Amino acid sequence: MKPVATRPAPLATGEPDTEPPALTLNRLTVGFGRRQVLREVSLSLNPGERVALLGPNGAGKTTLLRTLATLQPPLDGQASIGGADVVRRKRAARRHLGFVGHTPHLIGHLTARENLAFLSSLYGVTNAGSRVAEALEVVGLADLADRRARELSRGQLQRLSLAAAALHHPTVLLLDEPDASLDRDAVRALPAMLDALCPASAVLLSTHDPEVAAQVANRRVIVDRGRVSEPDSSGARPAAPSAPPGALSVPFFAAAWTLLRKDALVEWRAREQAPALLAFTLLITVLFDMAFVIPAASDAPAVAAGVAWATLLLVASLSGVRLFGSERDAGTLTCLRLAPIDQSAVFAAKYVVLATHLLAVGLLQLVLLSALLDLQLLQGGMFATLGLVTISLSAVTAMLSALALESRAREVLMPLLAVPLAIPVMLAGVGATLETLQGAPAGGAAPWFGLLAVVAAVFLALSVLLYPYAVDG
Amino acid sequence: MTQELVFLFIGYAVIWVLLFGYLVFVTGRIRGVRDAVHDVRQELDAQRRQASE
Amino acid sequence: MSLAKSVVRRQAVKQPPLFGWRGFIVYTALLVLMAVALYMIFIYAPAERVQGDAHRLLYGHVAVAWLAFLAFGVVAVASVMYLWRRNPRWDSLAVASAEVGVLFTTLTLISGSIWGRHVWGVWWTWDPRLTTTLVLWFIYVAYLALRMYIDNADTRRRVAAIFGIVGFVDVPIVWYSVEWWRSLHPVQSVTRAGLTSEMVLTLVVTVVAFTVFCFVLIRQRYLLERASDEGEGLRDIVRNRLEELRLTGGESTPEAGK
């Protein structure tokens, strides 16, 4: 066994090498923290080549593929996909990348067709309708196109994942153990599927089965004892076709709009958040009102102000647990991270989702408190306060939700993080409410609306500035 | 007068006890962690020498 | 094997001694300063007109309160530096300062509460300063809790740095909101008049003494964090070594281990 050459082998056809390699690894070391799993891997793939990474379980194949997929940073060395470095130019690399992992990164509540349509909008696929139909046909899911992804079997999901990863003609397609969940027939059909879906893509697949490697790949690379070697590197390599173009760049607002539509559709179908949140609001409001019913006789506006914004703060910190957490639990966060979009678009969509929830909850509150305390709360000043409080609370909670993603015990941690930071929002909300209901206090008007506006601006700016650091892994 | 002094005494006692307690605790922990790290390092070196022989 | 060897060599960083001659000087200076401060607080400073001797508690109280703010400022600076340079040392400084800051905030709350019981007759009042300090305490306790709940070291450092920055930016917002909130029902504030020059001098000496103490504590906690980081690194090396042994000792064909 001789180690794989750092330089790509000369092409068999003898043509001048004008195309850059689809995938280049230069002394790449991968692992976790200071723990190295694979050391100094050098490898290069031309467009159209299919290479099998062959090695036992636990040899580091998955870690290598995840590193190439920009999902975790390498410890040392470089890798580039379609000429774009996977560390420094993540977004460009993602445009040239398709990845099928162990678990499918699909959205359970969307149909097979909707899943592919969603991804085509994120990847800027042209002629999306016909491309999606073609992909479904190739992977044999045309009959099940309108079945929701959660109703598909594991093998069907894996085939759908393959279609999803190949939609945008990636320069490099990474398949992590495709034989783990595909049945034998599907594995046998894999080369034909790849030929039909993305003939020019370079494919790097991992497997521990030499038979699968022989069926699918035309080059074998052995992974063993933390090293990578190629037994028959002298063999002729196929003539390189032109590399496929990869995905188009999707503008920020288009991406955010796509994500928002997806969230709305999922919420509509799954009814995950809204009913529970509204019931919770009802319960808490009635509870607080009962608790304050005796003092309320004397000071109804004060009770209304306190109950309204304290409840909204609690609701915000509760829904912050699920906001990004639900994506993570469903495995779809990986799908969003792989998309070649400005990652802030994900934040923008989630922000709007949370703000919508809070606005609905706040309006319900105002109606309830008006009735329970016999106050006229449905007026301009209250709506303005609700708007400003919602802007601030959504910003701080959406960001904390992204921060707490990797933590244990998110349910307990979220309120612990959100409540202290949001206390000023609650106090300013109380102040603005009293100012609206009772007129300016005798001691001179405190500029509550000004403070709310400043807080909203500061929290929004902070979350926009710091969110990229929260997700860059 | 005496009550005032009691308050004063309690106040400063709490401050000193917590500060010095923390100092002693942290310093002790450093010693513990460093000793443990040192032991493991020795063990690793010994193993390496054994392996290279 | 050679790789693990080189890693062990590289990891063997020089550790500052726990109690060298520099430590001797620092600790002696600390004790002398503290003794002088105590003398000045209890004997040198005159009794105050209104509060009598109770105000003597305020010297320590003001000092720990100021250091709590300073420590949280250090957390913010170290967090920004960590996000910028990604050097774990900055993160160690941030966690050290946060923990010491929480300790000093706790002391501020306790000493303030004892003083308030004596002068105002209540253990707690929603005075703007007290309230801001309490909210600060919650924010940085949340910071420490957040760190506890994240296992991956890189994620923990990154996430904590972001929270450290947000928390510090929140401080002035908390302050203004609390102050205006209380202005709805104003409470009497402490009279600032009547500070003699002896009192000012006592306050300065006390603040200096506590500042030295604060830096000693942050340094010790920083060294502890560095030591446990090193332990974590060593654990990874051992795991690597074990993995190598397992792979070279057992069957090593790619087909094995299915």
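Residues numbered from 1 in each chain as written. Chains lettered and ligands numbered in written order. Predicted model: local features only at pLDDT ≥ 70, side-chain atom pairs only at ≥ 80, totals over all residues.

### A look at the overall build of chain B
For chain B, the helix and strand inventory stands at one helix and zero strands. The C-alpha atoms of chain B give 23 Å as radius of gyration, which overshoots the globular expectation for 53 residues (10 Å, by more than 25%). Overall, chain B is about 80 × 10 × 5 Å in size when its C-alpha atoms are taken along their principal axes. Out of the 53 residues belonging to chain B, those deemed buried represent 15%. (Helix = DSSP H or I, 4+ residues; strand = E, 2+ residues; numbered from the N terminus. Rg over C-alpha atoms; globule rule 2.2 N^0.38 Å. Buried ≥ 20, exposed ≤ 12 C-beta atoms within 10 Å, placed from the backbone.)

### What about the overall build of chain C?
Counting secondary structure elements, chain C contains seven helices and zero strands. Ordered by position from N to C terminus, the α and β elements of chain C give α-α-α-α-α-α-α. The buried share of chain C, reckoned over its 258 residues, is 42%. Look at the contacts in chain C between residues 6 or more apart in sequence, and 81% of them connect residues 24 or more apart. (Contact = placed C-beta atoms within 7 Å.)

### Some details on helix α4 (residues 128–138) of chain A
Residues and elements named next belong to chain A. Residues R131, V132, A135, L136 and V138 constitute the buried set of α4. Axial view of α4: buried residues confined to an arc of 160 degrees, hence all on one face. Exposed side of α4, more than 90 degrees from the buried face: G129 and S130 are the residues found there. Looking at the buried positions of α4, the neighbouring elements they touch are α3 (112–123), α5 (154–166) and α6 (184–197). At the exit of α4 stands G140, carrying a positive phi of roughly 75 degrees. (Arc of directions from axis to C-beta.)

### Considerations on the confidence of the model for chain C
All names here are of chain C. Scored by pLDDT, chain C comes out at a mean of 82, with 81% of its residues at no less than 70. Under a pLDDT of 50 for its full length, residues 185–191 has, in the predicted model, five contacts with residues more than four places off or in other chains. Confidence drops under a pLDDT of 50 for residues 250–258, and excluding neighbours within four residues, the segment shows 18 contacts in the predicted structure. Interface confidence in the predicted complex, given as ipTM, is 0.87; pTM for the same model is 0.86. (pLDDT = per-residue confidence, 0-100.)

### Let's talk about unusual backbone geometry
Despite not being glycine, A:E40 shows a phi value in the positive range, around 45 degrees. For A:E40, the location among the structural elements is in strand β3 (residues 35–45).

### A short note on the sheet that holds strand β5 (residues 76–81) of chain A
Residues and elements named next belong to chain A. Strand order in this open sheet of four strands is β3-β2-β5-β6, and the pairing throughout is antiparallel. Here the strands that pair on one side only, and so sit at the sheet edges, are β3 and β6 (84–85). Pairing analysis gives five bridges linking strand β2 (residues 23–32) to β5, with the strands arranged antiparallel. If you follow T29 over to β5, its bridge partner there is D76. (Pairing = 2+ DSSP bridges.)

### As for the packing of helix α3 (residues 56–85) of chain C against helix α4 (residues 88–119) of chain C
Residues and elements named next belong to chain C. Put simply, α3 and α4 touch, their axes get as near as 7 Å, and they point 160 degrees apart. Regarding the angle of α3 to α4, the classification is roughly antiparallel. Read as a crossing pair, α3 and α4 show a hand that is left-handed. Classifying every residue of the contact of α3 with α4 by side-chain character gives 22 nonpolar, nine polar and two charged. (Axes fitted to C-alpha atoms, helices over the stretch in contact; angles between N-to-C directions. Parallel < 35°, antiparallel > 145°, perpendicular 65-115°, else oblique. Left-handed = near helix turned anticlockwise from the far one by under 90°. Nonpolar A, V, L, I, M, F, W, Y, C, P; charged D, E, K, R; others polar.)

### Let's talk about the nonpolar core
In terms of nonpolar packing, the biggest core is built from 227 residues, with A:A135, A:L160, A:A163, A:L204, A:L312 and C:A71 touching the most fellow members. No other element matches the 16 residues that helix α7 (residues 197–249) of chain C contributes to this core. Once you skip the residues sitting within four places of it in the chain, A:L204 turns out to touch A:L23, A:L45, A:V51, A:L53, A:V172 and A:L174. (Core = buried A, V, L, I, M, F, W, Y, C linked by C-beta atoms within 7 Å.)

### What about the pairing of β5(A)?
Residue and element names in this part refer to chain A. Alignment of β5 against β6, held across two bridges, turns out to be antiparallel. The partner of I81 across the bridge, within β6, is A84. The hairpin formed by β5 and β6 contains two residues between the paired strands, and G82 there has a positive phi angle of roughly 55 degrees.

### A few points about helix α2 (residues 21–44) of chain C
Between the first and last C-alpha of α2(C) there are 32 Å, a value that for 24 residues agrees with the 34 Å anticipated at 1.5 Å per step. Every buried residue of α2(C) is accounted for by C:A37, C:M40 and C:I41. (Expected span 1.5 Å × (residues − 1).)

### A look at the interface of chain A and chain C
Tallying the contact residues gives 39 residues for chain A and 44 residues for chain C. At the level of elements, β3, β10 (219–224), α16 (410–438) and α17 (448–471) of chain A are the ones that each hand at least two residues to the side of chain A that touches chain C. Counting residues per element, the side of chain A that touches chain C draws most heavily on α16(A), which supplies 10 residues. Split into classes, the residues belonging to the side of chain A that touches chain C amount to 24 nonpolar, nine polar and six charged.

### Overview of the packing of helix α11 (residues 300–323) of chain A against α16(A)
Residues and elements named next belong to chain A. Across the interface, α11 lies against α16 with an axial gap of 7 Å and an inter-helix angle of 150 degrees. On the basis of the axis angle, α11 is roughly antiparallel to α16. Considering only the axes of α11 and α16, their crossing is right-handed. By residue class, the composition of the contact of α11 with α16 is 19 nonpolar, six polar and two charged.

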